[in-house]
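Structure at a glance
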Amino acid sequence: MKITKFLPIILLAFGLSACNKPAGELVGAYTTGPMGDVDPYGMRFIRKGAFLMGPNEQSAIFAQSDNNVMVTVHAFWMDETEITNSEYRQFVNWVRDSLAYMALIGEDGVESEYALKLRYEREDAPVHINWSKKIPWEKRFIQEDPVHEALAPLFYDEGFGTVRTSLLRYNYTWTNIEEAVGMSHRFDVTTGHYPAGATVRVDSFWIDEETNGIQSTTITRALREPKDLNTNAIICVYPDTLVWVRDFEYSFNDPLLYGYFNMPGYAEYPVVGVTWEQAHAFCHWRTHLLRTQGKQMAQAYRLPTEAEWEYAARGGRRAAMYPWGDKYARDAEGCFMANFKPYRGSYHDDTGTATMSVGRFKPNDFGLFDMAGNVAEWTASSYSSTSNAHVHDMNPEFPYVARKDDPEILKRKVLKGGSWKDVSYYLQCGVRTYEYQYESRSYIGFRCVRSAIGE
């Protein structure tokens, strides 16, 4: 008798015995499944490490620059390129399609197949979209069809023109952690309540019925339970294409105004004309998109902190002036290493005039492209000219959730990396500038990060 005949049975018995845990013993709750992240698509793993954070040389624009401080950053994932027009358009199209589905569900004469009915659903439960049912866009041109009545208001010229970009709004809710960490807001686990008289200050958004415009105000409300920390936001997601004209007076940039976000030839160029608030909404949507695929345990997408961005840009080199590790903007053959403004009035010497498609230059040691030049990038951090003197040396961050009624100085966010219009000084890893969170520019984009599970 051959022993191979019984080998499958022996292996099966061994596997079953290995899976059994001793009854009554401490074995842990998470005993199955992967212990770490599956590689997120389009992202690079940035290992944990320490580096000297801050400028390599004297600031060119501020009399008092931040000190250089040694800090440590935990591991995380980062997009290998800036978010492109194609990727951001996926967000815009998702919002557009959501509006179309809701219009179809609410239109008389249209079958309810666009709504997904869940078992044991309450009558007052929110409507769930049946995304598997395709939207009949072609029927919006048929005047007698009820689909036309539902979809036509989303477009100019009664359904025959382009989509009304002002209607492309993303409505979401997020938890304001800052309000939860104050001593006066500390949750008492013994009583199950927050301190008496505790309040939170958050922005509240709504749609004005008369103007159909987005309105917001800052409110103060009682803090009684964790859900009171949630704040809603309604953000118009379409990028501001007028930035190509508004940012530069006496300059003919009309072709970019009409084609940059809309033409397929610019699909792999970094998206611009996006505010910090729109980038924040994009991160929330990207997390939602991932978790609708059943990946509830995945960490949320977010904007990088200033420290994370700078650490990633240096590529593991503690004192790297530029992402490629050298102190010059050219390589040994004299070729420029990024897309920026090499000379006065000359933008083309680095092979690009304005933005360029992502990934045209060599990546840094972490495999990240365009960490210098092309477009400057939003970070999650608030701007202060001396923040390095106050932040912690482990995962340093200078956060502030600016409300609508806050002074303008509190609405500044850190920009990193420099852009196609900047001189080489702004391409340095340690150099920082700022922009107001509600402003959009033709030279500002962003990329996302995701905290790594474990180390």
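Coordinates for the structure precede this section.
Numbers given for residues are sequential positions, taken from 1 along each chain in its written order. Local features in this predicted model are restricted to residues of pLDDT 70 or higher, and side-chain atom pairs are both shown and tallied only at a pLDDT of 80 or more, whereas totals for entire chains, interfaces and linings draw on every residue. With hydrogens and water excluded, all non-hydrogen atoms of the structure serve as input to the side-chain values.

1. With respect to the overall build of the protein
Each helix corresponds to a stretch of at least 4 residues labelled H or I by DSSP, and each strand to a stretch of at least 2 residues labelled E; elements are numbered beginning at the N terminus. Scanning the protein from terminus to terminus reveals eight helices and 16 strands. Throughout, the Shrake-Rupley method with a 1.4 Å probe supplies accessible areas, and for residues the shown protein chains are the sole cover considered. For the protein, the accessible surface area stands at approximately 25100 Å², while carbon and sulfur atoms represent 55% of it.

2. Let's talk about the pattern of salt bridges
We define a salt bridge as a side-chain nitrogen of Lys or Arg found within 4 Å of a carboxyl oxygen belonging to Asp or Glu. Considering all chains together, one arrives at 20 salt bridges under this definition. Measuring nitrogen to oxygen at the nearest pair gives 2.9 Å for the salt bridge that ties aspartate 79 to arginine 286. Of this pair, aspartate 79 sits in strand E4 (residues 76-79) while arginine 286 sits in helix H7 (residues 276-291), and the two are 207 residues apart along the sequence. Salt-bridge contacts for aspartate 97 lead to arginine 96; the nearest nitrogen and oxygen are separated by 2.9 Å. Note on exposure labels: buried denotes an accessible area under 20% of the residue type's maximum, exposed denotes more than 50%, and partly exposed covers the range between, all computed with a 1.4 Å probe on protein chains only. Taking the relative accessible area as the measure of exposure, aspartate 97 reaches 17% and is therefore buried. In this structure, a network of salt bridges that share partners links the residues Glu306, Glu310, Arg314, Lys416 and Arg432.

3. A look at the packing of aromatic side chains
Under the pairing criterion, centres of Phe, Tyr and Trp rings, with the six-membered ring standing for Trp, must be within 6.5 Å; the plane angle then separates stacked pairs below 30 degrees from edge-to-face pairs above 60, leaving the rest tilted. Counted under the stated rule, the structure contains 32 aromatic pairs. A centroid spacing of 5.7 Å and a plane angle of 15 degrees characterise the contact between tyrosine 88 and phenylalanine 282, whose relative ring orientation is stacked. Of the two residues, tyrosine 88 sits in helix H2 (residues 85-106) while phenylalanine 282 sits in helix H7, which places them 194 residues apart along the sequence. A single burial state applies to tyrosine 88 and to phenylalanine 282, both of which are buried. Here, a charge over a ring is recorded when the distance from Lys NZ or Arg CZ to the ring centre is within 6 Å and its angle to the ring normal is within 35 degrees. The ring centre of tryptophan 276 lies 4.4 Å from the NZ or CZ of lysine 413, which sits over that ring. Geometry around tyrosine 443 places lysine 421 over its ring, the cationic atom sitting 4.4 Å from the centre.

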